[in-house]
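Each chain, letter by letter, is given below.
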Amino acid sequence: MGLFSLFITSLTIVLSVSQGKSEYQSPNIKQFLDCLSNYSNAIIPQAIYTPKNASYTSILNLHVHNKRYKTQSTPKPLAIITAQSEIHVQTTVTCARSNNIQVRIRSGGHDYEGLSYVSDVPYVILDMFPLQSVDVDIESGTAWVQAGATVGQLYYQIAKKSNVHAFPSGVCFTLGTGGHFSGGGYGNLMRKYGLSVDNIIDAKLVNANGVIQDRKSMGEDLFWAIRGGGGASFGVIVAWRIQLVPVPPQVTVFNIKKSVKEDATDVAYKWQLVAPKLDRDLFIRVEPDVVNGTVIVSFIGQFLGPIERLVPLVNKAFPELGLKQSDCIEMPWVNSTLFWYNVPNGTPIEALLPTSQEPPAVYFKSKSDYVKSPIPKTALKDIWDLMTKYNNIWMQWNPYGGRMEEISPSATPFPHREGNLFLIQYFVFWTEDGVEANNRYMNYSRSFYEFMTPFVSRSPREAFMNYRDIDVGAKHPSNSKSLEEASIYGTKFFKKNFDRLVRVKTSVDPSNFFTHEQSIPPTSGYF
């Protein structure tokens with residue numbers, strides 16, 4: 001018996017008692033592992049982790065950011081396949097499909113509801129994090145980025161080649177590009193250049209048959225679907241080819257904090273009126289937070305240009321902010337990515353690179369909304385009061401306008417374009433363990449969201465898919481009415497684009513192999 005076969009045999013002994021829960025016992029797991037062993041030249045034993053492995057828990061938790069899914073009762077995978085190459089991805093898909101085992105696909109692990117690494121049916125995790133290659137070609141202004149590479153790695157590799165190139169994607173630089181891009185991918189360059197998906201020109205994907213496809217072989221319908229419709233509904237994203245965007249050698253950043261006991265309410269109200277109409281080189285995020293029992297509103301800005309151009313521009317269009325030259329710092333664009341992550345100025349850009357340590361985790365719940373009309377000042381005051389009452393809620397308001405309103409809502413599955421003033425993220429967090437604390441803070445999140453109903457979009461109440469929120473709708477993979485249930489969250493995420501996404505899904509994965517609680521289902525044939 002070879003080393004790999006011996007390894008597989010020893011694993012199967014413990015799988016029937018994995019986590020001690022009968023729902024995770026599967027008559028097909030041995031066949032799955034045997035199937036992997038048939039590809040012994042492809043997947044090495046060191047790439048497979050099961051509960052028998054000493055490193056299983058650390059590998060599982062390495063990309064779990066939400067402590068709600070780090071508990072002993074959280075369902076655990078039968079195995080974790082840490083993909084070292086494209087053929088590892090193909091093999092995992094092929095063997096899982098032939099043995100009726102669900103695959104959850106994880107890159108950075110920032111899925112707020114854990115859908116990329118938790119399921120209540122027998123499943124394995126396909127961990128894309130080891131696939132981290134970033135190949136930047138400055139001459140063509142493009143790059144190939146593997147799905148496991150983080151946004152920080154991408155920024156770092158661009159900066160190593162050029163100080164006048166960038167890419168529009170997230171502020172949180174530990175995000176995995178596989179999921180972040182496929183759900184839209186927004187950041188502080190979106191008013192200038194749109195979303196990540198608006199700047200993707202090719203992709204590599206492993207489909208349900210285990211075949212690698214690029215843009216040409218997958219066709220324009222599928223290429224459209226994975227750029228904003230969530231790649232995990234259609235296949236496994238292996239890599240993206242992206243179009244880099246120009247930035248000046250120096251950008252300007254600032255962070256002005258105002259208390260609601262002073263003029264924060266007036267300034268926040270005026271921000272709603274002007275932020276989407278400002279020069280598209282300027283992005284100003286509003287971040288209300290509770291500090292020592294008082295709401296402090298931060299106005300965090302980035303301008304693609306020098307201080308001497310920024311200050312008069314802001315003071316003319318938005319004098320209420322009171323921006324002064326002393327509030328501003330000029331730095332290369334790559335350093336600004338650290339500024340946005342609240343890293344001290346002067347930190348080396350190597351901080352953008354991932355570490356092998358488990359991420360610090362807190363319990364949290366996130367939600368999202370789109371605002372189409374300014375929230376009245378009286379309502380803003382009520383919002384501050386409720387934030388103070390709950391004491392553990394902060395928000396981010398991200399302005400639209402500029403390039404975002406020029407792109408057709410049907411150009412990609414991401415429909416939230418013209419007509420939006422800003423996107424809200426609500427974030428409730430806590431550190432206490434236990435069911436009582438969990439229920440209390442989850443109720444805070446839901447009641448705050450309910451309170452905001454009169455001030456946000458309606459029919460449907462739109463939501464941002466990448467701010468994963470199971471409350472806006474979900475389906476069970478085995479439910480024969482999953483299309484009906486999926487339309488509930490699907491119209492909130494994708495509006496009129498949902499129907500086209502279903503047609504693409506039906507064409508490329510009619511048996512619904514790639515599925516999760518908020519995936520796109522086909523019109524027939526369920527997992």
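Everything discussed here concerns the structure shown above.
To start, this report covers the structure provided alongside it. These figures come from a predicted structure and were not determined experimentally.

**Quick look at the overall build of the protein**
Scanning the protein for helices and strands turns up 16 helices and 18 strands. Against the globule reference of 24 Å for 527 residues, the protein gives a C-alpha radius of gyration of 23 Å, in line with a compact fold. With respect to the principal axes defined by its C-alpha atoms, the protein has extents near 75 × 55 × 40 Å. A burial count over the protein gives 59% of its 527 residues as buried. If you take every contact in the protein between residues at least 6 apart in sequence, the share linking residues at least 24 apart comes to 73%. Surface accessibility of the protein: about 20,200 Å² in total, with carbon and sulfur atoms responsible for 51%. If you average the places of the 50 positive and of the 46 negative side-chain charges in the protein, the two averages end up 2 Å apart.

**Focus on the sheet that holds strand E10 (residues 236–243)**
With respect to topology, 5 strands assemble into an open sheet ordered E5-E6-E10-E8-E9, the strand pairing being antiparallel. In the strand order of this sheet, the two ends are held by strand E5 (134–137) and strand E9 (212–213), each with one partner. Direction of pairing for strand E8 (residues 200–206) relative to E9: antiparallel, over a ladder of 2 bridges. Note that in E9 the partner of Val206 across the bridge is Ile212.

**What about the environment of Lys216?**
By secondary structure assignment, the location of Lys216 is in helix H8 (residues 215–218). Looking at Lys216, the relative accessible area reads 80%, which means it is exposed. Lys216 sits 14 residues away from Asp202 along the chain, and the two C-alpha atoms are 8.5 Å apart.

**Details of the sheet that holds strand E4 (residues 123–127)**
Reading across the sheet, the 4 strands line up as E1-E2-E4-E3 and stay open at both edges, with mixed pairing between neighbours. Because the sheet does not close on itself, it has two edges, and the strands there are strand E1 (48–49) and strand E3 (102–106). Sheet analysis places E1 next to strand E2 (residues 79–82), joined by 2 bridges and oriented antiparallel. Counterpart to Tyr49 in the pairing with E2 is Ile80.

**Observations concerning the pairing of strand E6 (residues 142–146)**
With respect to burial, E6 is a largely interior element, 4 of its 5 residues being buried. Pairing between E5 and E6: 4 bridges, direction antiparallel. If you follow Val136 over to E6, its bridge partner there is Ala143. As paired elements, E6 and E10 share 5 bridges and run antiparallel to each other. Of the residues in E10, the one forming a bridge with Ala143 is Ile242.

**Section: the environment of Cys172**
Position of Cys172 relative to the elements: it lies in the loop between strand E7 (165–166) and helix H6 (177–182). Spatially, the C-alpha atom of Cys172 lies 7.6 Å from that of Val151, the residues being 21 residues apart in sequence.

Reading the values: rules and limits
Residues numbered from 1 in each chain as written. Predicted model: local features only at pLDDT ≥ 70, side-chain atom pairs only at ≥ 80, totals over all residues. Heavy atoms only, no water. Helix = DSSP H or I, 4+ residues; strand = E, 2+ residues; numbered from the N terminus. Rg over C-alpha atoms; globule rule 2.2 N^0.38 Å. Buried < 20%, exposed > 50% of the residue type's maximum accessible area, 1.4 Å probe, protein only. Contact = heavy atoms within 4.5 Å. Areas by Shrake-Rupley, 256 points an atom, 1.4 Å probe, with all protein chains shown as cover. Lys, Arg positive; Asp, Glu negative; His and termini not counted. Charge placed at Lys NZ, Arg CZ, Asp CG, Glu CD. Pairing = 2+ DSSP bridges.

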